[in-house]
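Descriptive structure summary
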2 protein chains.
Amino acid sequence: MKQLISQCPIEEVMQILSGRWPTLLVYYLKDGTKRFSDLRRDNPTISHKMLTLELRKLENAGIVSRAEFEGYPLRVEYDLTPAGLQLVPLLDALGGWWENANGAAQVSVPPVKQPSSDRRRALHRKISS
Amino acid sequence: MKQLISQCPIEEVMQILSGRWPTLLVYYLKDGTKRFSDLRRDNPTISHKMLTLELRKLENAGIVSRAEFEGYPLRVEYDLTPAGLQLVPLLDALGGWWENANGAAQVSVPPVKQPSSDRRRALHRKISS
DNA sequence: CGGTATCCTCGGAGATACTG
DNA sequence: CAGTATCTCCGAGGATACCG
């Protein structure tokens, strides 16, 4: 996903939000100001390096703001920008859509022991031309 | 993005939609039924292999349906499922949000020759503790 | 504490060729 | 035409160490 190949805004958004971390970070920040180390604690599996890179990306995209305080030990606080705040309900909608498009299928096949993904492949229609 | 680390539905969605192709494919399919070769023509830069993989992913996620017709030469048609159709307006909303959060910044800095990304970094607030 | 630089590895994805 | 299999390679991302 290095460079864009269409002029579609969706592709631009996905270039920012793709991957495991961007959306998770937005979600953690939605609860309010967080320091770098807070975010590390929130996502123990993200590496030091990736956290800074992802935060820079979100910052450059105008989704997250960074406030640097002088003194020792260093202190930096991250927040959602207004644009970032507007993004939250959209992500919520996506999450809702997913649980729905998905939970629905699960409910309609109640007693089966959840063969989920393989079962969908069985829906392949075989049609005699 | 192999395995999930939170139970957040957003992370599940992003696992499916992350990357350049999933959303583009959804967009091309929104215009109606497409054959495998149509989708290749729509995205000349995607490799044969990746296209099949991405389509499988979307199919297993219940976003795309696959119809296989017997005969020679082989023929396979792809369509959005009802869930996939519901996804489209959500992606549109994301695209709108982006153009907005973004176009707004551009409009508010009219005569400057669009230093976009670097200029945002200049917004770093330096605050004396 | 927060960030950068360096090294290293492992798997995502391209190219190619083959099958039904 | 649509899909699979094999090989290969590049770069995203982890580990580590050092700076302000």
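Anything mentioned here points back to the structure above.
Everything in this summary refers to the structure shown in the same document.

Procedures and definitions
Every chain begins its residue count from 1, and numbering advances along the sequence as written. Note on labels: chains are lettered from A, ligands numbered from 1, in written order. Local features in this predicted model are restricted to residues of pLDDT 70 or higher, and side-chain atom pairs are both shown and tallied only at a pLDDT of 80 or more, whereas totals for entire chains, interfaces and linings draw on every residue. Based on all heavy atoms of the structure, the side-chain values leave hydrogens and waters out of the count. A run of DSSP states H or I qualifies as a helix once it reaches four residues; a run of E qualifies as a strand once it reaches two. Both are numbered from the N-terminal end. Accessible area is worked out with a 1.4 Å probe on protein chains only. A residue is then buried under 20% of its type maximum, exposed over 50%, and partly exposed in between. Should any heavy atoms of two residues lie within 4.5 Å, those residues are counted as being in contact. We get accessible surface area from the Shrake-Rupley algorithm with a probe of 1.4 Å; when it comes to residues, only the shown protein chains can shield them. We superpose the copies by least squares over the C-alpha atoms of residues that have a pLDDT of at least 70 in both of them. Note on definitions. A residue lies near a molecule or strand when any single heavy atom of the residue is within 4 Å of it. Two N or O atoms count as a polar contact when they lie within 3.5 Å, although within protein this holds only if one can serve as hydrogen donor and the other as acceptor, and sequence-adjacent residues are included solely when both atoms are side-chain atoms. One fewer than the residue count of a helix, multiplied by 1.5 Å, yields its expected span. Here the arc refers to the directions that run from the helix axis out to each C-beta atom. The axes are straight lines fitted to the C-alpha atoms, using for helices just the contacting stretch, and the angles between their N-to-C directions are given from 0 to 180°. Orientation categories follow fixed angle ranges, with anything under 35 degrees roughly parallel, anything over 145 roughly antiparallel, 65 to 115 roughly perpendicular, and all other angles oblique. Each residue is assigned to one class: nonpolar for Ala, Val, Leu, Ile, Met, Phe, Trp, Tyr, Cys and Pro, charged for Asp, Glu, Lys and Arg, and polar for all the others, Gly among them. Once two parts are put together, the accessible area they lose, assessed with a 1.4 Å probe and summed over both, is termed the buried area. When a carboxyl oxygen of Asp or Glu is within 4 Å of a side-chain nitrogen of Lys or Arg, the pair counts as a salt bridge.

1. With respect to the overall build of chain A
A tally of helices and strands in chain A yields 6 helices and 4 strands. Along chain A, helices and strands appear, N-terminal first, in the series α-α-β-α-α-β-β-α-α-β. Here chain A holds 129 residues, and 41% of them are scored as buried. Considering only residue pairs separated by 6 or more positions, chain A has 42% of its internal contacts joining residues 24 or more positions apart. When the accessible area of chain A is evaluated, it comes to approximately 7200 Å², of which 54% is carbon and sulfur surface.

2. So, the relation of the copies chain B and chain A
Mapping chain B onto chain A leaves a residual RMSD of 0.0 Å; the transformation is a rotation of 180° accompanied by 0.0 Å of translation along its axis. The relationship between the two copies is best expressed as a two-fold rotation axis. In terms of proximity to the rotation axis, the leading residue of chain B is Ser18 of chain B, whose C-alpha is 2.2 Å off the axis. Of the residues that chain B buries at the interface, 100% are likewise interface residues in chain A, meaning the two copies contact each other through the same surface.

3. So, the protein's contact with DNA strand C
Residues in close proximity to DNA strand C total 16 residues, the closest being Phe36, His48 and Arg66 of chain A together with Lys49 and Met50 of chain B. Put simply, 55% of the atoms of DNA strand C that lie within 4 Å of the protein are in sugar or phosphate. In this structure, a phosphate oxygen belonging to DNA strand C sits 2.8 Å away from a side-chain N or O atom of Ser37 of chain A. Here a phosphate oxygen of DNA strand C sits 2.2 Å away from a polar atom, N or O, in the side chain of Arg66 of chain A.

4. As for helix α4 (residues 48-60) of chain B
All names here are of chain B. In a regular helix each residue adds 1.5 Å, so 13 residues correspond to 18 Å; α4 covers 19 Å between its end C-alpha atoms and thus fits that length. Of the positions making up α4, those classed as buried are Leu51, Glu54, Leu55, Leu58 and Glu59. For α4, the angular spread of buried residues about the axis comes to 140°, placing them on one side. Just past α4, the residue Gly62 takes up positive phi, approximately 80°.

5. Quick look at the packing of helix α2 (residues 21-29) of chain A against helix α4 (residues 48-60) of chain A
Residue and element names in this part refer to chain A. Orientation of α2 relative to α4, taken along the N-to-C sense of each, is 75°, at an axis distance of 10 Å. Our classification of the angle between α2 and α4 gives roughly perpendicular. In contact with Trp21, Pro22 and Leu25 of α2, α4 contributes Leu51, Glu54, Leu55, Lys57 and Leu58. Looking at side-chain class alone, the contact of α2 with α4 contains 6 nonpolar, no polar and 2 charged residues.

6. Some remarks on the protein's contact with DNA strand D
Surveying the vicinity of DNA strand D reveals 16 residues, the closest of which are Lys49 and Met50 of chain A together with Phe36, His48 and Arg66 of chain B. Close to the protein, within 4 Å, the atoms of DNA strand D are drawn from sugar and phosphate at a rate of 55%. At a separation of 2.4 Å, a base nitrogen of DNA strand D approaches a polar side-chain atom of His48 of chain B. Looking at the surface near DNA strand D, the elements that each hand over two or more residues are α4 of chain A together with α3 (36-42), α4 and β3 (75-80) of chain B. Looking at the surface near DNA strand D residue by residue, the class counts come to 8 nonpolar, 3 polar and 5 charged.

7. Here we look at the environment of Trp97 of chain B
Position of Trp97 of chain B among the secondary structure elements: in helix α5 (residues 82-108). The buried category is assigned to Trp97 of chain B, whose relative accessible area is 6%. Along the chain, Trp97 of chain B and Gly19 of chain B lie 78 residues apart, while their C-alpha atoms are 19 Å from each other. In contact with Trp97 of chain B, not counting residues within four places along its chain, are Val13, Ile63, Ala83, Gln86, Leu87 and Leu90 of chain A.

8. Structural notes on unusual backbone geometry
Here the residue pair Tyr72 of chain A and Pro73 of chain A is connected by a cis peptide bond, since its omega of -5° sits within 30 degrees of zero. Position of Pro73 of chain A among the secondary structure elements: in the loop between β2 (64-69) and β3 (75-80).

9. Section: the side chain of Thr23 of chain A
Along the chain, Thr23 of chain A turns up in helix α2. A residue is classified by how much of its surface remains accessible, and Thr23 of chain A, at 1% relative accessible area, is buried. When near neighbours in sequence (up to four residues on either side) are disregarded, Thr23 of chain A contacts Leu17 and Leu91 of chain A together with Ile10 and Met14 of chain B.

10. Describing the interface of chain B and chain A
The partner chain A presents 55 residues to the 54 residues of chain B that form the contact. Contact with chain A buries area across many residues of chain B, yet Arg20, Trp97 and Trp98 of chain B alone supply 14% of it, more than any other trio. Put simply, Glu11 of chain A and Arg20 of chain B hold a salt bridge, and the shortest N to O gap is 3.7 Å. Across the chain B-chain A interface, the total number found is 6 residue pairs in polar contact (both at pLDDT 80 or more).

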